[in-house]
Amino acid sequence: MTFPPSKVLQKLLPSFIVYTALALVLALLGWHVSRREQRRLTAGGAELPFYSWEIVLSLLIFAVVAGLRWQTGYDQVMYLANYDAMKSLGMYSREDFEIGFSFITCLFAHAGAHPFFYFSFWALLQIGLIYFALRHYKALLPWLALALVLGPYFMRWMGILRQSLIECLFVALAELIVKRKFWLFLVIVLLAATIHKMSLLMLPLYFVPKIRLHWVNRRLLILVLAFCVLLSISSGWILMALQSVRAALDWMGYGYYLDVMKTNPMFSFRTLGWGPQRVALLALDVMIIWFYPSMKRHFGDNPLFRVWFMFAFIFMCYSNLMANTTFFVLRPGEIMIAFVLVMTASLLCYLFQVHRYVLGCVALALACSPLYLDLLKVHLAPTFKSYFSLYHLMGFV
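Residues numbered from 1 in each chain as written. Predicted model: local features only at pLDDT ≥ 70, side-chain atom pairs only at ≥ 80, totals over all residues. Heavy atoms only, no water.

A few points about the overall build of the protein
Phase 1 of the analysis: Assigned secondary structure in the protein consists of 19 helices and 2 strands.
Phase 2 of the analysis: The proportion of buried residues among the 397 residues of the protein is 55%.
Phase 3 of the analysis: A sequence separation of at least 24 residues applies to 76% of the contacts in the protein between residues at least 6 apart.
Phase 4 of the analysis: Here the protein has roughly 18100 Å² of accessible surface; of this, 71% comes from carbon and sulfur atoms. (Helix = DSSP H or I, 4+ residues; strand = E, 2+ residues; numbered from the N terminus. Buried < 20%, exposed > 50% of the residue type's maximum accessible area, 1.4 Å probe, protein only. Contact = heavy atoms within 4.5 Å. Areas by Shrake-Rupley, 256 points an atom, 1.4 Å probe, with all protein chains shown as cover.)

So, in structure tokens, the structure goes:
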């Protein structure tokens, strides 16, 4: 499905302005709270609380802009249809949602809330969890804002609403892994499973940081990543592996896709080309790995930083290994994708703090290129899927 160029151009400029303005405003607020806290610490005071006005304003602005965004992806269309069905008919058009998600949806629907408030609520939780995870690392916030909005993250958050919330929660729970608070971690994960049962994948991942590997051998890690890229060229072995764990996939709700992929091309394996966006993100991954030892020393050899990097690296390998499969194979690994966002912010912060401005600008360009490349794709080759990248304003009729 294609759209007239004139219609695309009418949407392209407003989308460019909204996304860029959102990124810059959030970055400015993040910079301001970071500088204000630094001055306070220099004077012998305590760090600013999480609920400082800059952070609260950032969360509200993000929630409003995200909540007003309409037609963000196939899943968002489904969520909106289910919400409208609950409001008008008192019942779902889909019945396999988890009980916690259904309960919250019913609260908003029975209150007669406009979908804007419903989607803004979920967006507020997403950004709130990420900002809460970095509440002691406010120097990362301006860089996080730029990478979040202009990278590949904001584009997908409202599209896969429940899963992206779990991804953000995992970053916030990394602190409990470092502090070895397993029982609290378990309780929160079980509660999160009422929103999306994929959160249960966090339970085995809790023990991954206990594996003692030489995570600072950057050359070895880059070779491992390169091996995953090469191994992804042939995906037949992946399909065989999926068939062997069919029972587990059925329990997670993904077994259905193994059947439907045989008849529906949308769900079948596809070959991911080496376009500029994939090259940019892979280059950024390599930069994160290469500078990780230096970043680790720069940020004080913090054990939490090590956990962030471990999960980011695992996702890098998984996403490249499964690149030529399909979305339902990629999604379980995406529970760790938000750690790449945090490590991207850490890389940018590090490079500019140590005055490596050329490399910092290169990393910033790579981190911020996905959104603009998506908009360019809408202009050059508009399709129904790429049209989701535009900022469609939700109506209030």
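Considering the nonpolar core
Burial of nonpolar side chains together is a common tendency in soluble globular proteins.
Phase 1 of the analysis: Of all hydrophobic cores here, the largest spans 133 residues; its most connected members are Phe62, Tyr131, Phe170, Phe185 and Trp308.
Phase 2 of the analysis: Residues within four places of Phe185 in sequence aside, it is in contact with Phe170, Leu173, Leu176, Ile177, Met202, Leu203 and Tyr206. (Core = buried A, V, L, I, M, F, W, Y, C linked by side-chain atoms within 4.5 Å.)

Here's the deal with unusual backbone geometry
Phase 1 of the analysis: With phi around 60°, Arg180 is a residue other than glycine that occupies positive phi space.
Phase 2 of the analysis: Inspection of the secondary structure puts Arg180 in the loop between α8 (161-178) and α9 (182-192).
Phase 3 of the analysis: Overall, the relative accessible area of 61% leaves Arg180 in the exposed class.
Phase 4 of the analysis: Backbone geometry places His355, a non-glycine residue, at a positive phi of 65°.
Phase 5 of the analysis: If you trace the backbone, His355 turns up in the loop between α18 (337-353) and α19 (357-380).

Regarding the environment of Ile61
Phase 1 of the analysis: Within the secondary structure, Ile61 is located in helix α2 (residues 53-68).
Phase 2 of the analysis: Since its relative accessible area comes to 25%, Ile61 is described here as partly exposed.

Notes on the pattern of salt bridges
Phase 1 of the analysis: The final tally for this structure, using the stated rule, is 8 salt bridges.
Phase 2 of the analysis: Residue Glu37 pairs with Lys138 through a salt bridge whose shortest N-O separation is 2.7 Å. Here Lys138 lies in the loop between α5 (115-133) and α6 (141-150) and Glu37 lies in helix α1 (residues 5-42), a separation of 101 residues in the sequence. Considered together, Glu37 and Lys138 belong to a single accessibility category, that of buried residues.
Phase 3 of the analysis: Arg156 is the salt-bridge partner of Glu167, the closest N and O atoms lying 2.7 Å from each other. In this pair, Glu167 sits in helix α8 while Arg156 sits in helix α7 (residues 154-157), placing the two residues 11 residues apart along the sequence.
Phase 4 of the analysis: Through salt bridges with shared partners, a single network forms among Arg135, Glu175 and Lys179. (Salt bridge = Lys/Arg side-chain N within 4 Å of Asp/Glu carboxyl O.)

Remarks on a nonpolar patch on the surface
Phase 1 of the analysis: Together, Tyr51, Val56, Leu60 and Leu124 make up an exposed nonpolar region whose accessible area comes to about 390 Å².
Phase 2 of the analysis: Structurally, the position occupied by Leu124 is in helix α5.
Phase 3 of the analysis: In this structure Leu124 comes out as partly exposed when scored by relative accessible area, which is 32%. (Patch = residues over 30% accessible without salt bridge, like charges linked within 9 Å, V, L, I, M, F, W, Y side chains within 5 Å.)

Quick look at the packing of aromatic side chains
Phase 1 of the analysis: One pass over the structure, following the stated rule, counts 33 aromatic pairs.
Phase 2 of the analysis: Taking 6.2 Å as the distance between ring centres and 20° as the angle between the ring planes, the aromatic pair formed by Phe309 and Phe313 counts as stacked. Note that Phe309 and Phe313 are positioned in helix α16 (residues 303-321) at a spacing of 4 residues, about one turn of the helix. Neither Phe309 nor Phe313 differs from the other in exposure class; each is buried.
Phase 3 of the analysis: Over the face of the ring belonging to Phe154 we find Arg69, whose NZ or CZ atom lies 5.4 Å from the ring centre. (Phe/Tyr/Trp six-rings, centres within 6.5 Å; stacked < 30°, edge-to-face > 60°. Lys NZ or Arg CZ within 6 Å of the ring centre and 35° of its normal.)

Here we look at helix α15 (residues 276-298)
Phase 1 of the analysis: The end-to-end C-alpha separation of α15 is 31 Å, in line with the 33 Å expected for 23 residues at 1.5 Å each.
Phase 2 of the analysis: A maximum bend of about 55° is found in α15 at Tyr292, where proline Pro293 lies one to four positions downstream.
Phase 3 of the analysis: Backbone geometry just downstream of α15 places Gly300 in the positive-phi region, at approximately 85°. (Expected span 1.5 Å × (residues − 1). Bend = angle between axes of the 7 residues up to and from the residue.)

Regarding the packing of α6 against α19
Phase 1 of the analysis: It is the contact of α6 with α19, at a shortest axis distance of 7 Å, that shows an interaxial angle of 35°. Across the interface between the two elements, Trp143, Leu146, Ala147, Val149 and Leu150 of α6 pack against Leu364, Ala367, Cys368, Ser369, Pro370, Leu371 and Tyr372 of α19.
Phase 2 of the analysis: Of the residues belonging to the contact of α6 with α19, the class tally is 11 nonpolar, 1 polar and no charged. (Axes fitted to C-alpha atoms, helices over the stretch in contact; angles between N-to-C directions. Nonpolar A, V, L, I, M, F, W, Y, C, P; charged D, E, K, R; others polar.)

Some words on the state of the cysteines
Phase 1 of the analysis: All chains considered together, the criterion is met by 0 disulfides.
Phase 2 of the analysis: Here Cys228 stays free of any disulfide, with the sulfur of Cys317 as its closest cysteine sulfur at 4.1 Å. (Disulfide = S-S within 2.5 Å.)

Re the packing of helix α11 (residues 218-231) against α16
Phase 1 of the analysis: Contact geometry of α11 with α16 gives a least axis separation of 7 Å together with a crossing angle of 25°. By the angle class used here, α11 and α16 are roughly parallel. Contacts between α11 and α16 involve Leu221, Val224, Leu225, Cys228, Val229 and Leu231 from the former and Phe309, Phe313, Met316, Cys317, Asn320 and Leu321 from the latter.
Phase 2 of the analysis: In terms of residue class, the contact of α11 with α16 is built from 11 nonpolar, 1 polar and no charged. (Parallel < 35°, antiparallel > 145°, perpendicular 65-115°, else oblique.)

Re α5
Phase 1 of the analysis: For α5, spanning 19 residues, the distance from its first C-alpha to its last is 28 Å, which sits close to the expected 27 Å at 1.5 Å a residue.
Phase 2 of the analysis: Among the 19 residues of α5, 14 are classified as buried, and the element is accordingly described as predominantly covered.

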